[in-house]
Structures are given as structure tokens and as C-alpha cells.
Amino acid sequence: MKVDSRSRAPQFDAVVVGAGMAGLYAVHRLREDGLSVRAFERGPKVGGTWYWNRYPGCRCDVESVLYSYKFSEELQQEWRWSSRYAGAGEIQAYLERVADKFDLRRDIQLNSTVEAARFDEASGRWEVTVAGEKVWGRHLVMASGCLSRAVLPGIEGVEDFGGAIFHTSDWPEEGVDLRGKRVGIIGTGSSGIQAAPLIAAEAEHLHVFQRTPQFSIPAWNRPLGDDEYEQIRAGYADLRREAAAAIGGVPYEEPDHDAPTAPAHVVDGWLEQTWARGGYPMILSYPDILTNDETSEIVGEWVKRRIRERIDDPAVAERLMPSYPFGAKRLCVDTEYFETFNRPNVTLVDLREEPIERIVETGVETASGLVELDVLVLATGFDALTGALLAIDPQGRGGLSLSEKWADGPAAVFGVMSSGFPNMFMVNGPGSVSVLYNMVASIEQNVDWIADAIAHVRTNGYDSIESTDEADRGWARHVDEVAATTMFTRVESWYTGANGEGKAKSFLAYTGGGPAYFERMNDSAAAGYSGFALVP
């Protein structure tokens, strides 16, 4: 660390925002390259998403052995995951171990919210404001998380509620005692679907306020036995290679038939096999499931039949049936979510039939009357991919803010850089493969690419690197064009920014798959960073 001669503020080669999965690896990799680094994390611990999301039932939806770093073989062999899908606490413990093992804490400042960032053209550095104090960095790495800025429901009267209110993304570290309580949960996306069964098991009564019924596949979570785990460790290299070649970063088996033309018994047998594996790979059951209406409908109707089998009351089952094409929204992964509605202490409130009118001191008023509650849980999701970035709203050349640059929708080459913001990098930014891939693998790839770009700048005597406006706009068009061929654009969702008030509508992630995305990034680097301006 140096000190700025004018302001006496600390000066680093790189300032990293966040100390979750992305921030931890960024600190490690940049430090390995010989840079002075300081990361700032608003939480009291490292972990990012996995520190803040501690709600009952929170766990990853990618199998644990793949939802982990691959940069260190020693770490990979040393760590032992307990089950197929690790819970939030176990993932948090893993990240704490990573921070200790690689001595990352000495370059991380906790309880430190980054409030602003401004590019100083005179010095060619970033001035970063942290809790009112200034630090300087030649490079700014935004590792602030794709899903870290909570969305609060715009429901009248939230502030009037007399009971306790919790958002799933900010669950108290000490937990919440729900025994004997009347609980309402608003939201039935991934967080709500994971939380509802455990809340129902503890609360006196649970009301689930559902706006959109979801497709959800059983995780079939289970402990990983010792013999099984030794086989995983021995075959890790092959597993990683298979995952890297897969469109979503998770190995899967392709069928030897097409769903629309194969006999019904063949399709049924194949889907039974995929269902038995469980989890997110159901969306990969057929290669054309996201682009072929008939395939999507066949799989969707099959899954609906299986959902109906899990629910005792046919009327409740129908209210839980999704109405959008299979794959058009984020596929959820659950443990006995639908079975939760068989419990006598659980009530489904279908907001299509009984919309919420307001929240009052004693509960939630719907068109059908008052639902009295002691606790209200908001499982209302995140301002995805852009929310955390725009909360800081960096200012680039000429005082241009990121929100001004992205007023009509985000434009950033590979989701990594945006023109007008020299030496500012985003890990899994808008336009990246990120949320449509194994997040940890995409983080490592993005950070490695960023580190290599910084090394190229330093080694070749350049002062800065930034994407060109033409490349930004070209990538944004490409992202939209590829997305338009899929089911994702048939509905409004957080993938399109539809859950953020005033947010420009555009597709926020790259749907072309990890291998194609990584190839384009690598081709750019190999061509001397085509699409980017290198300034001496």
C-alpha cells in the first residue's frame, strides 16, 4: 500500500468491492500477480450472499462438489461437503476457511460500505469513498454480487405493520423464533420455496402469498457417504472438465431422441430418469427445451403431473400450477415445498384471486379480508445484476455516472467492462453468463480474465483499458438477439429487469451458454483485447 501525496489517502493497485465468492478470489488472484489489493465488505464477515442469506432452508441449487473453487487442488481435496446441496451455513464456513487458508483477511476491511467511486482523469485512478473516508486504486474491481441488492415490495402500509418483518436476504444471524407465531411469507421464488417448508414446521400457522406459481424440481438432497466422496475426490479433474464443457456448467446426459417425435413411453422413461436425478438439470433434459415450444410444453406438462401427485387437495394443486412455458423463469429446486400445502397449518393465498390491498398493523388485507399475522417474511428477490452496481453508481470519464450510461439498459462487453469507465471491471456483470451458469465457475473465469487484462496493461506500459462504445452496444445487441430465441423472453422476470421499479427492460444474462461465452472472451484477449481501448 502507498499513500496519495495530495490527500494522504491510502493508494492500492486494485480496490475490490465485496468479499463474497467473487471478492475473495479476486483478492487472492490479484495478490498472486503482485498487486497491492484492498477489498471492502459491508458485512461483519466474509461470505457475501452466503453471510446475508441465512433464512431457514437456504442452500445452493448447484451440487456442492461443483459449487466450489477449482483454483486450488489442495483446497479441493481438503474440504469435505456433507451433502449433495450444501446449506448456507456450510457454504459460509467454506468461505471462512478459504479466507483463512490463503491469508486473505489482512487485505479485507469488513463493516465497510463503499458509498461512491469516481474516476479522476488527472491521475488516472479511482477515488473510492468508504464510510466517508477516501482510498485510491489504479483498478476498481466490482465484486458486489449479482443477487445482493434486495427488492422490497411496493405494497401500501408496510411501515404500519405492528409485528416483525424480515427479508430473506437479511435474516438475523441469531435466527428467528417462530414457535406459536402466525407467519406470512410474500414471494414464491427460490427463497420462498426453500423457506416455506421449514417455517411451516415451526410456526403455528403459515400463509403463503403467491403471485406466480413456479416450476420446482425436488433436490433429493442427501448426505454424501465416505466411499462416495473418495470417488469424487479421485475423479475431480474429470468432473471439472465435463462441467466446463456443459452449457450451464453442470454435467448432464443428453437423450438419444427428440421429445416431439419420440414415442410417449420413451419420453416418459427419460424424464423419469432426469426427475430421479433431481434439481436444476431438469432444465437440461432436452437440448432444445429453451428454444422449441413443443419440447417445452411436453416437459412442462409432465412436470405439472408430478407436482399434482405431491399435493392432496386438487383445488390447491391447480392454484399451484405454473402458467408460463417450462424454462421461461428461473427453475426452482425444493425439498418438500409442494407437500407443505398438505399440512393443516398452511394456507395458500393466491394473489391472482385475492390480491393484496394493503398491509396494516395486524396483518395483510387482501380483497377477501384481513389475514392476521405476527411475523411477515419478504421473499421478494433481488435487483439482479445491476442493483449493487447502481447503488454505488460509479462516475467515469467526464463525470458520467453508470446510471446515466445505462439509462436505456446496461451495455457492457461480456458484462465485464463498460466504455467510459477506465480500469473498472465487473465480475459477473450484466451481459455475463453468471446466473445461467455455475456461479462459482463463472466467477473464477471472470476474475482470471480480469487479472490477465490488468497484467497485459501493466506489462505493456499502458495506463488504462476500457471497452469501446461500439463493442458495448454490439455485445448488448448480441445478448438480446440470443435471448430472443429462447423461452426466457416469453415472460417478464428478474432476468429481464421486470421486478425493479423504473428499471430499463433488457435481458440481463447471456443465454448462449458458458463455453460460447468463455470462447468469445478468450478470443478477444488473444487478439490483443479486441473490443477494448488500451491507452498508453
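Our structure is the block above this text.
Residues numbered from 1 in each chain as written. Predicted model: local features only at pLDDT ≥ 70, side-chain atom pairs only at ≥ 80, totals over all residues. Heavy atoms only, no water.

Q: Would you mind going over the packing of aromatic side chains with me for this structure?
A: Given two aromatic rings, one states the distance between the centres and the angle between the planes to describe the pair. Summed over all chains, the structure comprises 31 aromatic pairs. Considering the side-chain rings of Phe-414 and Trp-449, the 6.2 Å spacing of their centres and the 75° angle between planes classify their relative orientation as edge-to-face. Taken together, the positions of Phe-414 in the loop between helix H12 (402–405) and strand S18 (424–426) and Trp-449 in helix H13 (residues 439–459) put the pair 35 residues apart, joining distant regions of the chain. Here Trp-449 falls in the buried class, since its relative accessible area comes to 4%. Ring pairs connect the aromatic residues Phe-414, Tyr-437, Trp-449, Trp-475, Tyr-510, Tyr-517, Phe-518, Tyr-529 and Phe-532, which therefore count as one cluster. Here the guanidinium or amino end of Lys-101 rests over the ring plane of Phe-102, the centre of that ring lying 6.0 Å away. Sitting above the plane of the Tyr-324 ring, Lys-329 keeps its charged end 5.9 Å from the centroid. (Phe/Tyr/Trp six-rings, centres within 6.5 Å; stacked < 30°, edge-to-face > 60°. Helix = DSSP H or I, 4+ residues; strand = E, 2+ residues; numbered from the N terminus. Buried < 20%, exposed > 50% of the residue type's maximum accessible area, 1.4 Å probe, protein only. Lys NZ or Arg CZ within 6 Å of the ring centre and 35° of its normal.)

Q: Can you help me understand the sheet that holds strand S14 (residues 356–360) in this one?
A: Note on sheets: strands pair through backbone hydrogen bonds, and any given pair is parallel or antiparallel. Read from one edge to the other, the open sheet built from three strands follows the order S14-S15-S16, with strand pairing classed as antiparallel. Of all strands in the sheet, those bounded by a partner on one side alone are S14 and strand S16 (369–372). With strand direction ignored, the average angle separating the axes of adjacent strands in the sheet is 25°. Pairing between S14 and strand S15 (residues 363–366): four bridges, direction antiparallel. Paired with Ile-359 across the bridge in S15 is Val-364. (Pairing = 2+ DSSP bridges. Axes fitted to C-alpha atoms, helices over the stretch in contact; angles between N-to-C directions.)

Q: Explain unusual backbone geometry here, please?
A: For residues other than glycine, phi is negative in most cases, and the peptide bonds are mostly trans. Even without being glycine, Asn-111 reaches a positive phi, approximately 50°. For Ala-131, which is not a glycine, the phi torsion comes out positive at approximately 50°. With respect to the helices and strands, the residue Ala-131 is situated in the loop between strand S6 (125–130) and strand S7 (133–142). Given a relative accessible area of 51%, Ala-131 falls into the exposed group.

Q: What is the right way to look at the sheet that holds strand S10 (residues 205–210) in this model?
A: Strand order in this open sheet of five strands is S8-S17-S9-S10-S13, and the pairing throughout is parallel. Both edges of this open sheet fall to strand S8 (164–167) and strand S13 (346–350), since each of them pairs with a single strand only. Direction aside, the axes of adjacent strands within the sheet are offset by 20° on average. Looking at chain direction, strand S9 (residues 182–186) and strand S17 (residues 375–378) are connected through four bridges and run parallel. Looking at S17, one finds that Val-183 is bridged to Val-375. Packing of helix H5 (residues 190–202) onto the sheet brings it into contact with S9, S10, S13 and S17, and relative to S9 it is tilted by some 170°. (Contact = heavy atoms within 4.5 Å.)

Q: Can you help me understand the environment of Leu-178 in this one?
A: One can find Leu-178 in the loop between S8 and S9. Residue Leu-178 is classed as buried on the basis of its relative accessible area, which comes to 1%. With 169 residues separating them in the primary sequence, Leu-178 and Thr-347 have C-alpha atoms 16 Å apart. Residues in contact with Leu-178, not counting those within four places in the same chain, are Val-183, Ile-199, Glu-202, Ala-203, Glu-204 and Val-375.

Q: Looking at this structure, how should I read the pairing of strand S2 (residues 10–17)?
A: Each regular strand displays side chains that alternate between the two surfaces of the sheet. Counting buried positions along S2 gives six out of eight residues, so the element sits mostly inside the fold. Strand direction decides the pairing type here: S2 and S7, joined by six bridges, are parallel. Each residue of the ladder has a partner; that of Val-16, found in S7, is Val-141. Summarising the sheet, S2 and strand S3 (residues 37–40) pair through four bridges and their orientation is parallel. Within S3, the residue paired with Val-15 across the bridge is Arg-38. Once the chain exits S2 it traverses helix H1 (residues 21–32) before rejoining the sheet at S3, and the crossover so formed is right-handed. (Right-handed = clockwise from strand over helix to strand, strands pointing away.)

Q: Please clarify how the packing of H13 against helix H15 (residues 514–526) should be interpreted in this entry.
A: Two quantities define a packed helix pair, namely the angle between the helix axes and the distance between the axes. Where H13 meets H15, the closest approach of the two axes is 11 Å, and the angle between their N-to-C directions is 10°. In terms of their interaxial angle, H13 and H15 are classed as roughly parallel. Residues Ser-442, Gln-445, Asn-446 and Trp-449 of H13 form the contact with H15, whose own contacting residues are Tyr-517, Phe-518, Met-521, Asn-522, Ser-524 and Ala-525. Residue composition of the contact of H13 with H15, by class: five nonpolar, five polar and no charged. (Parallel < 35°, antiparallel > 145°, perpendicular 65-115°, else oblique. Nonpolar A, V, L, I, M, F, W, Y, C, P; charged D, E, K, R; others polar.)

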